[in-house]
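Okay, here's what each chain looks like letter by letter:
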Amino acid sequence: ESWIETSLARRILAGTEADLRICNMTAADHLAQRISVALIATLWAPATTALMVLGGVGVPFVLPLWVSIALLPVGFLYPAITLRSKARVRRRAFRHAFSSFLDIVSVSLAGGRGVEGALHDAADAGNSWVFIALRKAMLEARLAGETPWTALDRLGTQLQLPELNELAASATLAGNEGARVRNSISAKAGGLRLRGLTDIEAAAQSAGERMSLPIVALMLGFVVFLGYPAVMAVVQGL
């Protein structure tokens, strides 16, 4: 994986660390995906042209050349756009599960548990990837001799989830000064649930608008490749 350490690869992958981490994808896999999609996009027009030529349809050489040149950057950037979209969905799912995590922490605190014990109880309450990530972070903190909220703060920074940083700040205050944070944690959980509903509604509207784009792009491609010879024949006939 030495090619991942090159300056070009670092520039291409700049700003994607948190998205790759939350999507459980390595930098090498992501870069290989971008190169593969770019290659497929570049070869699509020549392959389609070859099939058309075999079928007896004459297509000028310049047309697939320009289409390939146009699709090369599109194919290279598409996996990055997909990664960003997937990371946004994963963060929304994390916030939804995290609100349940905070509810359990609040209940544990109300039952007399300390902040550290409440955090561990809440992390052990689920088996989704969110709870697994929380348990792993706190286990690493325990092995390193750190407090759980230090691990949560670090995880929030790594995944670009400020909600974890806010919880870590509240937990640090409770651990250092003995402050009662149950009410603030309950308020955070309620705020996350409200934000989750808003995000779901916005995502549903956005998905409905995007559904027509692939169909339009596909039809446009067929119109260009199938209609161009006919148009050129008419123009030359004039």
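Refer to the structure presented above.
Okay, so let's go over this structure. Just so it is clear, the structure is predicted and the values come from calculations on it, not from any experiment.

**Regarding the overall build of the chain**
Summing up its helical and strand segments, the chain has ten helices and zero strands in all. For the chain, with 238 residues in total, the buried portion stands at 33%. In the chain, once contacts between residues fewer than 6 apart in sequence are set aside, the share between residues at least 24 apart is 62%. Surface summary for the chain: the accessible area is close to 14,300 Å², and the carbon and sulfur share equals 65%.

**With respect to a nonpolar patch on the surface**
A surface patch of nonpolar side chains, about 560 Å² in accessible area, is lined by Phe61, Val62, Leu65, Trp66 and Ile69. Relative to the helices and strands, Val62 resides in helix 4 (residues 62–110).

**Points about the packing of helix 4 against helix 5 (residues 115–123)**
Close contact between helix 4 and helix 5 brings their axes to 8 Å; oriented N to C, the two are set at 135°. Looking at the two axes, helix 4 sits oblique to helix 5. Regarding helix 4 and helix 5, the two cross each other, and that crossing is right-handed. Every residue of helix 5 that contacts helix 4 at Phe101, Ile104, Val105, Ser108 and Leu109 is listed here: Val115, Ala118, Leu119, Asp121, Ala122 and Ala123. When grouped by side-chain class, the residues that make up the contact of helix 4 with helix 5 number nine nonpolar, one polar and one charged.

**Re the pattern of salt bridges**
Within this structure, the stated rule accounts for three salt bridges. The shortest N-O distance in the salt bridge between Arg154 and Glu146 comes to 2.9 Å. Under the relative-accessibility criterion, Glu146 is labelled partly exposed at 32%.

**Notes on the packing of aromatic side chains**
Considering all chains together, one arrives at four aromatic pairs under this definition. Aromatic pair Phe98 and Phe101: ring centres 5.4 Å apart, planes at 15°, arrangement stacked. Of this pair, Phe98 and Phe101 both sit in helix 4, separated by three residues, roughly a single helical turn. A relative accessible area of 1% means that Phe98 is categorised as buried. A connected cluster of aromatic rings, assembled from ring pairs, spans Phe94, Phe98, Phe101, Trp129 and Phe131. The ring of Phe76 carries the charged tip of Arg34 above its face, separated from the ring centre by 4.4 Å. Sitting over the ring of Trp129, Arg90 keeps its end group 3.8 Å from the ring centre.

**Points about the packing of helix 4 against helix 6 (residues 129–143)**
Two elements in contact, helix 4 and helix 6, have axes separated by 9 Å at closest approach and are oriented at 70°. Put simply, helix 4 runs roughly perpendicular to helix 6. Packed against helix 4, whose contacting residues are Arg90, Ala93, Phe94, Ala97, Phe98 and Phe101, the element helix 6 presents Trp129, Val130, Phe131 and Leu134 at the interface. For the contact of helix 4 with helix 6, the per-class residue count stands at nine nonpolar, no polar and one charged.

The rules behind each value
Residues numbered from 1 in each chain as written. Predicted model: local features only at pLDDT ≥ 70, side-chain atom pairs only at ≥ 80, totals over all residues. Heavy atoms only, no water. Helix = DSSP H or I, 4+ residues; strand = E, 2+ residues; numbered from the N terminus. Buried < 20%, exposed > 50% of the residue type's maximum accessible area, 1.4 Å probe, protein only. Contact = heavy atoms within 4.5 Å. Areas by Shrake-Rupley, 256 points an atom, 1.4 Å probe, with all protein chains shown as cover. Patch = residues over 30% accessible without salt bridge, like charges linked within 9 Å, V, L, I, M, F, W, Y side chains within 5 Å. Salt bridge = Lys/Arg side-chain N within 4 Å of Asp/Glu carboxyl O. Axes fitted to C-alpha atoms, helices over the stretch in contact; angles between N-to-C directions. Parallel < 35°, antiparallel > 145°, perpendicular 65-115°, else oblique. Left-handed = near helix turned anticlockwise from the far one by under 90°. Nonpolar A, V, L, I, M, F, W, Y, C, P; charged D, E, K, R; others polar. Phe/Tyr/Trp six-rings, centres within 6.5 Å; stacked < 30°, edge-to-face > 60°. Lys NZ or Arg CZ within 6 Å of the ring centre and 35° of its normal.

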